[in-house]
Amino acid sequence: MAFVVLQHLSPDFESRMDELLGRQTRLPIHKVTDGIEVGPDQIYLIPPKKEMIIAGGKLLLTDKDDARGFSLPIDHFFRSLAHEAGRRAVAIVLSGAGSDGSRGIRDVHENGGLVLCQVPETARFQGMPLSAKQTGAVDAFLPPEQMPGAILAYLNDPARSSEADEREIAPSGAAMEEVIRLLRAEYGIDFNHYKPTTVIRRIERRLALCNQLDVAAYARLLATDASELNALYRDLLIGVTRFFRDVDAFELVEKQVVPAILAATPAKEEIRVWVAGCATGEEAYSLAILFHEQLEAARRPLNLKIFATDVHRHSLDVASAGVYNEDALSEVTAARRDRYFVRDDHRYRVAKDLRQLIVFARHNVITDAPFTRLDLVSCRNLLIYFQPLAQKKALSLFHFGMKTGGTLLLGPSETPGELGDEFDTLDAHWRLYRKRRDARLPDIRLTLTSLPPAVQSRPMFSTGHSVPGLLGVYDQLLDRVMPASVLLDEHYQLVHSFGGAEKLLHVRPGRPSNNVLDMVDEGLKPALLGALQHAYKERKTVRLSGVPVRGPGGDEEYRLSIDPVMAAPGAVPHFLVSFESKGPVRPSPDSPAALDVPAASRDYVNALESELRFTKESLQATIEELETSNEELQATNEELVASNEELQSTNEELHSVNEELYTVNIEHQRKITQLAELTDDLDGLLHGIDVGVLFLDEELCIRKYTAQAARVFRLLPQDVGRRLDSFAPTIQYPSLEADVRQVLQTGQAQQREVTSRDGTIYLLRILPHRSRSSKNGVVVLLVDVSELKRSEARVRRLSSIV
């Protein structure tokens, strides 16, 4: 492994991180230079005033852009690491202020790498760990001392080998079936329809992270640990998306697809778009921006509805909230960001008028009924994870929901496959297609033949084949047993009629409408509308008795039953409206039923309309007052937003500076400790040697001295800092001060013998004191040579006698 350490470094202080790490490891430590090659068992430190990425096995440096204000060097590097190393990447977030790192770990996680984070409670600065925690991309929260074991377990996992994608896992079929069953029971998704390599690789990854030996043990863990089951579920649903992902593809949609849809759709008709597998919503909002811009430019009403669906509840919650960090909007132009987003603290919230165009809902593209009358279907980078039969099933449902001439946008690695004949290719590179015709495609039954035998579990759908003519048989059976009924979609459009219900409907003059409310008798319309609204709101069956309906043979009394029909829990309902005849209307003279019901209905509608007009007038006056107040609040809000942005920028910078100063402070504290130890050692040395040493600074003031020097120069402890000429030494050396000054000026040492008043002979040396090649005073040394001189004298006497 190679280790890269990234800090928020101060540009004004030299980092000592290499010295700090050098005391704890024998691994070589490098301060990165541009283009340095990365090698195993090496440590690399980011230098100050630089941003760094890894590419082609090398670390590349660029200067920080001061115009951008604060930078996010950890996010910047993590993104490049994810692209470079993929599943071999390990991203670790430790103590730190701010939110740096929380964006980059998403890329590492999405590319299959390992993400570890320090437990916030153990961090001195909790900002970065807490920000990482909010992303949901962290594989494990650990105290730092437990991280080496987790990294080694991940490194030694056989799944990390280059052959991992090609080999097949060999667990017991029952164990893998239990894992799939637990996921299906909790989340309603059968991962047997996903490609085996994807499922196996993700399960192996979780096995390594949880230190489980086999799938059977992991299945037992999942049965008792809901958080681990959710972690596996989140890993299997690979939600990779961002605003305007693949800029060229969106440019094609903007310039060709959207104008074509607007040209083919009358202004009063609703434009319908389905974004399948929307993840956290960025693609849905991107398409909404493109449509909104062109509808506004054409001054057309915003008659647009975008259905954005996914199976992951948490992703839908994020998408529905419409709140994104600044980094997520990197592909959004400044003009679009200002128009369609509102700054909210340090993040951006989707503008209300854009958010209202989108409906987010949970939906499974291979099991749930599709949306209908669609002008555009976008399903990018989802089908590549499905088995071929599941891909065909999803594409057939897209085809069913699209209008003739509707557009299909797939990911760069996806095609219509066997259904290619049903689509015209608009752009082969960006996988843009147009539906050729309305054709009933064969029913597709999902089977699991693509999974390895040991991995298969029971299929959700039984194997079968489409029987020609079977749909016609169904229609005949329905005509026999169904009462007079009509099936409506969520917009009350007629989908199917049964049992002769068409006799109760009529075509209105002028432009025809498929809305059933325009096709029923005028007296029935208010009652039916109210019942439909109630059924939609309550999701319950609504029944009406004694409803007069004008039919071909005169007025009859009917019992109406409105049943909401939903393909799956949470799906948009259809409505089955059943008509049960109770015979001709028999008016009673003293009963309100004897009234002309259509006339009564019209009077009631007129009264409601009058009340509604009065309410509208009152509401309009209130709105005008609110608009005036809103304009004032808006001006104040804009000022507050601008001030808040400045404060947020300043706050992030202060966080970084604070962290840098903390690092510098630690380094200074260690240096102070070292200097104190050196000072103690020096003091012990000076007091222990029998040599006179006197340290003088450039002004000839006393800095330090030994005990023997104190006796010669008659010094006391409080004399430190006083000048040399303030003392009368016991040695006979009148030119001492002049010689000291000469040594200080020339840097040439001097030496001579001097005698004190008590007869002691000293060898006195005056030496220049240098610190890092600069003069910093002088040192006066006094060595007692009296005994040496007496010995020399005795030797000379003995020599003369001999």
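This structure is a prediction, so every number in the text was calculated from the model and none was measured.

(A) Just unusual backbone geometry, in detail. With a phi angle near 55 degrees, Arg431 is a residue other than glycine that sits in the positive phi range. Within the secondary structure, Arg431 is located in the loop between β18 (423-427) and β19 (432-435). For Leu700, which is not glycine, the phi dihedral falls at a positive 65 degrees. Among the secondary structure elements, Leu700 is positioned in the loop between β25 (692-696) and β26 (702-705). Of the residues examined, Leu700 reaches a relative accessible area of 1% and is grouped as buried.

(B) Structural detail: the packing of aromatic side chains. With the rule as written, the count across this model stands at eleven aromatic pairs. With a centroid separation of 6.2 Å and an interplanar angle of 55 degrees, the aromatic rings of Tyr492 and Phe575 are classed as tilted. Taken together, the residues span a long stretch of sequence, with Tyr492 in the loop between β20 (484-488) and β21 (494-498) and Phe575 in strand β24 (residues 574-584) at a distance of 83 residues. By relative accessible area, which is 14% here, Tyr492 ends up buried. Both rings, one in Tyr558 and one in Phe579, keep their centres 6.4 Å apart while their planes meet at 85 degrees; by these two values the pair is edge-to-face. Placement of Tyr558 in strand β23 (residues 554-565) and of Phe579 in strand β24 is noted, with a sequence separation of 21 residues between them. Given a relative accessible area of 9%, Tyr558 falls into the buried group.

(C) Summary view of the pattern of salt bridges. This model, assessed by the stated rule, comprises 26 salt bridges. Ionic pairing is found between Glu422 and Arg437, a salt bridge with its closest N-O pair at 2.6 Å. Note that Glu422 is positioned in the loop between β17 (402-410) and β18 and Arg437 in the loop between β19 and α16 (470-481), a separation of 15 residues in sequence. Residue class for Glu422 comes out buried when judged on its relative accessible area of 8%. Of the charged contacts in the structure, one is a salt bridge between Asp424 and Arg436, with a shortest N-O distance of 3.6 Å. In this pair, Asp424 is assigned in strand β18 and Arg436 in the loop between β19 and α16, connecting sequence segments twelve residues apart.

(D) Looking closely at the nonpolar core. If you look at the biggest cluster of nonpolar residues, it comprises 47 residues, and the most contacted ones within it are Leu183, Phe191, Trp274, Val365, Phe398 and Leu408. Of all the secondary structure elements, the ones that give two or more residues to this core are α6 (173-187), α7 (196-209), α8 (215-224), α9 (226-236), β10 (271-276), β16 (374-379), α15 (388-401) and β17. Of the residues forming this core, the biggest block, seven residues, is contributed by α6. Leave out the neighbours within four places in its chain, and Phe398 touches Trp274, Ala276, Val365, Val377, Cys379 and Leu408.

Basis of the calculations
Residues numbered from 1 in each chain as written. Predicted model: local features only at pLDDT ≥ 70, side-chain atom pairs only at ≥ 80, totals over all residues. Heavy atoms only, no water. Helix = DSSP H or I, 4+ residues; strand = E, 2+ residues; numbered from the N terminus. Buried < 20%, exposed > 50% of the residue type's maximum accessible area, 1.4 Å probe, protein only. Phe/Tyr/Trp six-rings, centres within 6.5 Å; stacked < 30°, edge-to-face > 60°. Salt bridge = Lys/Arg side-chain N within 4 Å of Asp/Glu carboxyl O. Core = buried A, V, L, I, M, F, W, Y, C linked by side-chain atoms within 4.5 Å. Contact = heavy atoms within 4.5 Å.

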